[in-house]
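Coordinate inspection notes
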Amino acid sequence: MNKKTIYRSMAGLVMAGFSLTSLTGCMEVTEPASNIATEGQIQNSPSSSESFLMAMPAYFNKVNSSWVYDDGLHFPFGYGAIMYIRDLMTGDLLQSTKNYAIHFYYWAQNKYQGDGYLFGQYISTYYYNFILTINNMVGAVNPENATDQQLGYLGAGLAFRAMCYIDLARMYEFLPNDRTSNINAEGNDVSGLTVPIVTAEMNQADALNNPRATHEKMKEFIESDLNKAEEYIKHLTKTAGGVLPDLSCVYGLKARLYMWDGDYENAAKYARLAINNAKVQPMSEEACTNYKTGFNDITKWMWGATQTSEDTSVKTGIVNWTSWLSNQTTFGYSGYGQENMPFNEIDKRMYERISDTDFRKTEFKAPEGSELADKVIQIPATKSLADKRMPAYASVKFRPNEGNTDDPNIGAASSYPIMRVEEMYFIEAEAVAHTNAAKGKELLETFMKTYRDPKYTCKVSSTDDVVEEIVFQKRVELWGEGQTFFDIKRLNYSVTRGYPGTNWYDLTRLNTNGRPAWMNLVFVAYEGDRNQGVRGMNNPDPSDLYTPWTEQ
């Protein structure tokens, strides 16, 4: 489909058509639907077990085909799309222009984020459909009479479910901000509320009255899943090329959970366990900057997602991770196939803060005249196009597969990271720094000097400053990987996009005082129509509550 079609099809933004609780219908049916296997069938059929297992990583790249082909929407390509959305809601990653970027730019502009628009609908329905897929696996294995292999599959399912709920809880939990009140339009207090919990065992009555879980209840639910996953996943003997989690990933999810909960002792403990049990080391400079395999090689990460040439996302050519994140294709939205395409850039101030001796700075095109200009590795076949069309600060981090810039069947058949061991080093350092700034600083310096910048020195010493420096280096490390949103929201950090010399385009130059209101995501209204437990308990609409900065 021509990329311009979206300008016509997006003219009428519609109310959501799905409910979170409507997804439980498949879970509480006592007789199997044609596409659902019973517990007995799963227990007795290795092929059924494996198909349910592999349906979970396949959902990473689930394309909403009706939205793509019927409505001309080119953002719904799965988990990677939501990673991208989260980064567009921070102050670290920007699209260089509005041209062709309408599919994603409302998240960056803080427009249409209320309960009547499809932008909020997509995120919640994607996750709850993912959870349905996971619950089909979890609910079909009885640990009391399962084989070791099936226990391993169950452990993977519980890890997947924990991953989804950790994401959802951190996105939807209402936290104080500078624009919206915890008392919503209906007069109800939504402080600390996360999302409804849907399990494989839930019946229809409970599904139709399923309230948003409190922070503590959600933490306990996720912790229970992860404790069981830790016990069972040792029986999972293969990770299918890294698309399934192993024990180190369970520990990594625990580290994320405890950071969200402010339990720094356990966050540091499980981050270190993740590091010690991971089968990978932090990526080298060559691995990061290789123009054929840079950040598309799943073997470098603890856990990843892989797009294959058989996936719908790849077959579309343009509705996939590589099309939007790579910057270095002629077939994608973010690339140099045409003039004035929306390249993904790093914030200018963020770029300038990175030391010139830190090789990660060469993951972005240096401005003209910079001493780093010749150190940025472009793909040789299209270097002349990059020199001509790629703006300063544009990313070269995510390479198309094999460095193939022209054929999406090859270039987009790529992988992207779900969890990297580097994240665990930063979680450990930050968690320690909250109670011992000097020790946290030492951990940061050790990591940076060993793996990123031999000349690095942390020049601050107070707890708040050391934590901020650790998180900044983490933001550089995980740029484009969908994790920064969580740290900005958790730590109540401001987003500053408008300033003299900014590289953000006009409508995205939004500045906040502390965490942005838009980081408290809003449920679609249809959920309250079907689920009385959330009726009147939505987060306030943050849309258009910030005025874009203009230079005086």
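Computed from a predicted model, the values in this text were never measured in an experiment.

1. Points about the pattern of salt bridges
Counted according to the given criterion, the structure contains 28 salt bridges. Two residues, Arg420 and Glu477, come together in a salt bridge whose shortest N-O distance is 3.0 Å. Taken together, the residues span a long stretch of sequence, with Arg420 in the loop between strand S4 (415–419) and helix H19 (421–433) and Glu477 in helix H21 (residues 463–477) at a distance of 57 residues. Judged by its relative accessible area of 1%, Arg420 falls in the buried class.

2. Some words on the packing of aromatic side chains
Two aromatic rings, taken as a pair, are described by how far apart their centres are and by the angle between their planes. Under the criterion given, the structure shown has 47 aromatic pairs. A ring pair is formed by Phe60 and Phe160, whose centres lie 5.5 Å apart and whose planes are at 45 degrees; its orientation type is tilted. A residue pair is termed long-range when its members are at least 10 positions apart, and Phe60 in the loop between helix H3 (46–58) and helix H4 (65–70) and Phe160 in helix H8 (residues 148–172) qualify at 100 residues. According to the relative accessible area criterion, Phe160 is buried, its value standing at 0%. Consider the rings of Phe75 and Trp107, whose centres lie 5.2 Å apart with planes at 85 degrees: the pair is edge-to-face. Pair noted here: Phe75 is in the loop between H4 and helix H5 (79–88) and Trp107 is in helix H6 (residues 102–109), with a separation of 32 residues, a long-range link. Classification of Phe75 as buried rests on a relative accessible area of 0%. One cation-aromatic arrangement involves Arg170 over Phe486; the distance from NZ or CZ to the ring centre is 3.6 Å.

3. Some words on the side chain of Arg86
By secondary structure assignment, the location of Arg86 is in helix H5. Although Arg86 is buried, it forms no salt bridge, and the closest oppositely charged side chain is Asp167 at an N-O distance of 4.0 Å. Setting aside residues up to four positions removed in sequence, Arg86 forms contacts with Tyr79, Tyr127, Asp167, Met171, Gly482, Gln483, Phe485 and Phe486.

4. Observations regarding the packing of helix H11 (residues 247–261) against H19
A pair of packed helices can be characterised by two numbers: the angle between their axes and the separation between those axes. Two elements in contact, H11 and H19, have axes separated by 11 Å at closest approach and are oriented at 35 degrees. Considering only the axes of H11 and H19, their crossing is left-handed. For the pair formed by H11 and H19, the contact residues are Gly252, Ala255, Arg256 and Met259 on the first element and Glu423, Met424, Ile427, Glu430 and Ala431 on the second. Of the residues belonging to the contact of H11 with H19, the class tally is 5 nonpolar, 1 polar and 3 charged.

5. Some remarks on H11
Residues lying three or four places apart along an α-helix face the same way, a consequence of the helix completing one turn every 3.6 residues. For H11, with 15 residues, the first-to-last C-alpha span of 21 Å sits near the 21 Å given by 1.5 Å per residue. Most of H11 is tucked away, with 13 of its 15 residues classed as buried. In the segment just after H11, Gly262 is the residue with positive phi, at about 75 degrees.

6. Details of the state of the cysteines
By definition, a disulfide links the sulfur atoms of two cysteines through a covalent bond. For the structure shown, the criterion picks out 0 disulfides. Among the cysteines around Cys288, which has no disulfide bond, Cys249 carries the closest sulfur, lying 18 Å off.

7. Quick word on the environment of Asp87
Following the sequence through the fold, Asp87 ends up in helix H5. Once the C-alpha coordinates of Asp87 and Asp358 are considered, the two residues, 271 residues apart in sequence, prove to be 22 Å apart. If we ignore the near neighbours within four places in the chain, the residues touching Asp87 are Leu93, Leu478, Trp479, Gly480, Glu481, Gly482, Gln483 and Thr484. Within the structure, the side chain of Asp87 is placed 2.7 Å from the backbone nitrogen of Gly480, a separation counted as a polar contact.

8. What about the nonpolar core?
Residues Phe60, Tyr79, Phe104, Phe130, Met163, Tyr165 and Met218 are the most contacted members of the largest nonpolar core, which totals 154 residues. For this core, the element with the highest residue contribution is H8, accounting for 16 residues. Apart from the residues lying within four places of it in its own chain, the contact partners of Met163 are Phe60, Tyr79, Phe130, Leu253, Trp303 and Ile418. Of all hydrophobic cores here, the second largest spans 7 residues; its members include Tyr336, Ala386, Met390 and Ala394.

Cut-offs used in this document
Every chain is numbered on its own, with residues counted from 1 as its sequence reads. Per-residue local features are limited, in this predicted model, to residues with pLDDT of at least 70; the limit for side-chain atom pairs, both in listing and counting, is 80 or more; totals at the level of whole chains, interfaces and linings are taken over all residues. Side-chain descriptors were evaluated using all non-hydrogen atoms of the structure, hydrogens and water having been removed beforehand. Throughout this description, the term salt bridge denotes a Lys or Arg side-chain nitrogen within 4 Å of a carboxyl oxygen of Asp or Glu. Where helices and strands are cited, they refer to DSSP runs of H or I of at least four residues and of E of at least two residues respectively, numbered from the N terminus. Here the term buried applies to any residue with accessible area under 20% of the maximum for its type, exposed to any over 50%, and partly exposed to those in between, with areas from a 1.4 Å probe on protein chains only. Aromatic rings from Phe, Tyr and Trp, with only the six-membered ring used for Trp, were paired whenever their centres fell within 6.5 Å, and each pair was classed as stacked if the ring planes differed by under 30 degrees, edge-to-face if by over 60, and tilted otherwise. Lysine and arginine charges are scored as sitting over a ring when NZ or CZ, respectively, is within 6 Å of the ring centre and within 35 degrees of the ring normal. Note on charges: Lys and Arg go in the positive column, Asp and Glu in the negative column, and His and the chain ends are not counted at all. Whether two residues are in contact is decided by their heavy atoms, any of which lying within 4.5 Å being enough. Angles shown run from 0 to 180 degrees and are taken between the N-to-C directions of axes, each axis being a line fitted to C-alpha atoms and, for helices, limited to the stretch in contact. Handedness of a helix crossing follows the sense of rotation of the near helix relative to the far helix, less than a right angle counterclockwise being left-handed and clockwise being right-handed. Note on residue classes: Ala, Val, Leu, Ile, Met, Phe, Trp, Tyr, Cys and Pro are nonpolar, Asp, Glu, Lys and Arg are charged, and everything else, Gly too, is polar. In this analysis, the expected span of each helix is defined as 1.5 Å times one less than the number of residues it contains. Disulfides are defined as pairs of cysteine sulfur atoms found within 2.5 Å of each other. Polar contact is defined as a pair of N or O atoms within 3.5 Å, subject to the rule that within protein one atom must be able to donate a hydrogen and the other to accept it, and that residues adjacent in sequence are counted only when both atoms are side-chain atoms. Each nonpolar core is a collection of buried residues, namely Ala, Val, Leu, Ile, Met, Phe, Trp, Tyr and Cys, held together in the definition by side-chain atoms within 4.5 Å.

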